[in-house]
Amino acid sequence: MTSDPRERHLVRYLGGFAPFVVARAEGMWLETADGRRLLDFSSGQICSTLGHRHPRVMAAVREALDTVVHLDSRMLSEPVLALADRLAALAPEPLTRVMPLSTGAEANEFAIKLAKMHTGRFEIVGVTRAFHGATIGAASSTYLRSRRGFGPLVPGTLAVPAPYAYRCPIRHCRETCDCTCLDAGFELVDQQSVGSLAAMICEPILSSAGVIVPPDGWMARAAEHCASRDMLLIVDEAQTGLGRCGAWFDSSREHVVPQFLTLSKTLGGGIPLSATLTTDAIEDDCVAKGLAHNTSHVADPLPAAAGLAGLDVIADDGLVGRAAVLGDHLLARLRGLADRHATVGDVRGRGLLAGIELVRDRETREPAAGLAAAVGAEAMALGLSLHPIPTGPAAHCFRIAPPLTATTDEVDRAVDLLDEALARHP
């Protein structure tokens, strides 16, 4: 048995762990047990969207510890009621019904269940390269690493090509997607369907795929395809919602109002919390049909209190607008890296969600297999925690997502360290 305590008993769910143990985290900074300090350029995998241990979120957690932490699923608390009211007020009408849950996969599972129950149909259309979670229903509509190795998955899962202009999936365009992939994808869906199309699930930006940003109009066109087939639309805003991309909901840029909106990573301020939002009409229908869905930690008071405090911070501190401004600065700095490093093939993103794609050759766009992991390890040695996509078709990409509370100096320091790490792996 290994003597390394990190490897002794834990399941190696990503194939291995960081070469240190974290003793403390605050804001954008991590401190290891041996006293090293690192800048966290991914906000704790986007879950600490206000930075680690934001004071107002921690105060809300302490108050919950002194009042009520957990209840029977049938019992409600003031933080849960207030959180539901706040989310319903923020979301576009008619998304007025809220289900507080724990993880993004759970929120997507619930949305899929409601869509199937409401329509009486079972086929779910996803998007290739999308990530919606690792539980079986969410994984069935995930086309990255969580899909492989434990099939068969849920029957009735179909997919349209990702709007990936840098590597057009249907070899139609280069640089600018014109949505032909979406139209062709739905033609294939129509031919594969057994006549039971229930819903489409999609992300406004395919974050875990290396931050693939669809062209303007893509989501509105997807909504039109759904409407013409009497399908529902589930928009997964786990990684794009609540300010990260410079708007409360990134899907609102195209004035798209889905039948389901799911939130998670950006909601809890580092505490496990997610939510599924839907309409009164869908909720009424599913309840009339005998809806029975609860988990041990549905509508828990403590995470609801943390989420409510986080929403207060985002609103009170103007972090939505700030993410747009700081995001422009971040993207400009990252694009500057392409001027100095031939391995930087593409930089893309919106707000404080950015992706870098590494290549062996800019003309052929051959993926630089293994380079993201090597650069990520180099950056960590220099004092920067990055999030290279660990496995799968985007394993040559970085996802970058500093906290909404990051300073310009912290962002600049992080980009400088990334610059140095890239220079060491030309």
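Analysis parameters
- Residues numbered from 1 in each chain as written.
- Predicted model: local features only at pLDDT ≥ 70, side-chain atom pairs only at ≥ 80, totals over all residues.
- Heavy atoms only, no water.
- Helix = DSSP H or I, 4+ residues; strand = E, 2+ residues; numbered from the N terminus.
- Rg over C-alpha atoms; globule rule 2.2 N^0.38 Å.
- Buried < 20%, exposed > 50% of the residue type's maximum accessible area, 1.4 Å probe, protein only.
- Contact = heavy atoms within 4.5 Å.
- Areas by Shrake-Rupley, 256 points an atom, 1.4 Å probe, with all protein chains shown as cover.
- Pairing = 2+ DSSP bridges.
- Axes fitted to C-alpha atoms, helices over the stretch in contact; angles between N-to-C directions.
- Core = buried A, V, L, I, M, F, W, Y, C linked by side-chain atoms within 4.5 Å.
- Phe/Tyr/Trp six-rings, centres within 6.5 Å; stacked < 30°, edge-to-face > 60°.
- Lys NZ or Arg CZ within 6 Å of the ring centre and 35° of its normal.
- Parallel < 35°, antiparallel > 145°, perpendicular 65-115°, else oblique.
- Left-handed = near helix turned anticlockwise from the far one by under 90°.
- Nonpolar A, V, L, I, M, F, W, Y, C, P; charged D, E, K, R; others polar.
- Salt bridge = Lys/Arg side-chain N within 4 Å of Asp/Glu carboxyl O.
- 1 Å grid on protein atoms, 1.4 Å probe; cavity = no way out; pocket = protein on both sides within 12 Å on 5 of 7 lines; lining within 4 Å.
- Points joined across faces, edges and corners; volume = space filled by probe spheres on them.

A.B. asks: In this structure, what is going on with the overall build of the protein? I would like to understand it.
C.D. replies: The helix and strand inventory of the protein stands at 12 helices and 16 strands. Relative to the compact-globule value of 22 Å for 426 residues, the protein shows a C-alpha radius of gyration of 21 Å, a close match. Counting all 426 residues of the protein, 53% fall into the buried class. For the protein, long-range pairs separated by at least 24 residues make up 71% of all intrachain contacts whose partners lie at least 6 apart in sequence. When the accessible surface of the protein is split by element, carbon and sulfur atoms take 53% of a total near 17,800 Å².

A.B. asks: Looking at this structure, how should I read the pairing of strand S1 (residues 22–26)?
C.D. replies: Moving residue by residue along a regular strand, the side chains alternate between the two faces of the sheet. Of the strand pairs in this sheet, S1 and strand S2 (residues 29–32) are connected by 4 bridges, and their pairing is antiparallel. Bridge pairing links valine 22 to threonine 32 in S2. Between S1 and S2, which pair antiparallel in sequence order, lie 2 residues; one of them, glycine 27, sits at a positive phi of approximately 60°.

A.B. asks: When you look at the sheet that holds strand S14 (residues 384–385) in this model, what are you seeing that I'm missing?
C.D. replies: Think of a sheet as strands paired side by side through backbone hydrogen bonds, with each pair either parallel or antiparallel. Here 4 strands make up an open sheet; going across it, the order is S1-S2-S3-S14 and the pairing mixed. Every other strand in the sheet has two partners, leaving S1 and S14 as the edge strands with one partner each. Where S2 lies against strand S3 (residues 37–40), 3 bridges are found, and the strand directions are antiparallel. Of the residues in S3, the one forming a bridge with leucine 30 is leucine 38. Packing against the sheet, helix H12 (residues 408–423) makes contact with S2, S3 and S14, and its axis sits at approximately 105° to S3.

A.B. asks: Would you explain the nonpolar core in this entry?
C.D. replies: Soluble globular proteins: nonpolar side chains tend toward being buried together. Within the largest apolar cluster, 107 residues are counted, with the highest numbers of intra-cluster contacts made by Met200, Leu334, Ile356, Leu358, Ile400 and Leu418. Ile46, Ile205, Cys245 and Leu353 belong to the second-largest nonpolar core, a separate cluster that totals 6 residues.

A.B. asks: I would appreciate a short explanation of the pairing of S3 in the present structure.
C.D. replies: Between S2 and S3, which follow one another and run antiparallel, lie 4 residues, and glycine 35 among them has a positive phi close to 95°. Taken together, the 2 bridges between S3 and S14 define a ladder with parallel strand orientation. Within the sheet, the bridge partner assigned to leucine 39 lies in S14 and is leucine 384.

A.B. asks: So what exactly am I meant to see when it comes to the packing of aromatic side chains here?
C.D. replies: The geometry of an aromatic ring pair is captured by two quantities: the separation of the ring centres and the angle between the planes. All told, the structure shown has 0 aromatic pairs when counted by the stated rule. We note arginine 37 situated over the ring of tryptophan 29; from NZ or CZ to the ring centre the distance is 4.2 Å.

A.B. asks: Looking at this structure, how should I read the packing of helix H2 (residues 55–66) against helix H9 (residues 301–316)?
C.D. replies: Helix packing geometry: the angle between the two helix axes and the distance between the axes. Relative orientation of the contacting elements H2 and H9 amounts to 155°, with a least axis distance of 8 Å. As the angle between them shows, H2 and H9 are arranged roughly antiparallel. As H2 packs across H9, the resulting crossing turns out to be right-handed. Contacts from Arg56, Val57, Ala60, Val61, Ala64 and Leu65 of H2 reach H9 at Leu302, Ala305, Ala306, Ala309, Gly310, Asp312, Val313 and Asp316. Tallied by class, residues from the contact of H2 with H9 come to 10 nonpolar, 1 polar and 3 charged.

A.B. asks: What's the story with the pattern of salt bridges in this structure? I'm lost.
C.D. replies: Note on pairing: side chains with opposite charge can pair once their charged atoms come close. Counted according to the given criterion, the structure contains 23 salt bridges. Here arginine 365 makes a salt bridge to glutamate 175, at a shortest N to O gap of 2.1 Å. With arginine 365 in the loop between strand S12 (353–361) and strand S13 (366–367) and glutamate 175 in the loop between strand S6 (157–160) and helix H6 (180–192), the pair connects residues that are 190 residues apart, well separated along the chain. Its relative accessible area of 48% is what places glutamate 175 among the partly exposed residues. Linking glutamate 378 and arginine 424 is a salt bridge whose minimum nitrogen-to-oxygen distance equals 3.0 Å. Of this pair, glutamate 378 sits in helix H11 (residues 371–382) while arginine 424 sits in the segment after H12, and the two are 46 residues apart along the sequence. Each of Arg167, Asp346, Arg348 and Glu357 takes part in a single network of salt bridges with overlapping partners.

A.B. asks: Is there a simple way to think about the environment of glycine 290 in this case?
C.D. replies: Among the structural elements, glycine 290 can be located in the loop between helix H8 (280–288) and H9. Of the residues examined, glycine 290 reaches a relative accessible area of 48% and is grouped as partly exposed. Remark: the alpha-carbon pair of glycine 290 and methionine 117, spanning 173 residues in sequence, is separated by 9.5 Å.

A.B. asks: Just checking my understanding: could you explain the layout of surface pockets for this structure?
C.D. replies: Any space left empty among the atoms is revealed by the rolling of a water-sized probe across them. A volume near 600 Å³ is recorded for the second largest pocket. Lining the second largest pocket are 23 residues, and of these Arg97, Val98, Met99, Pro100 and Glu283 sit closest to its centre. Among the elements of the structure, helix H3 (78–90), strand S4 (95–101), helix H4 (104–119), strand S10 (274–279) and H8 are those that each provide at least two residues to the lining of the second largest pocket. Broken down by element, the residue count for the lining of the second largest pocket peaks at 5 residues, all from S4. Each residue belonging to the lining of the second largest pocket can be placed in one class, and the counts come to 14 nonpolar, 6 polar and 3 charged.

A.B. asks: What is the right way to read the sheet that holds strand S9 (residues 260–263) from this model?
C.D. replies: In spatial order, the strands read S4-S10-S9-S8-S7-S5-S6; together these 7 strands make up an open sheet with mixed pairing. The sheet terminates laterally at S4 and S6, the two strands that pair on one side only. Here the average twist between neighbouring strands, direction ignored, is 20°. Strand direction decides the pairing type here: S9 and S10, joined by 3 bridges, are antiparallel. Across the sheet, leucine 261 pairs through a bridge with leucine 277, a residue of S10.

None of this, on its own, says anything about what the molecule does.
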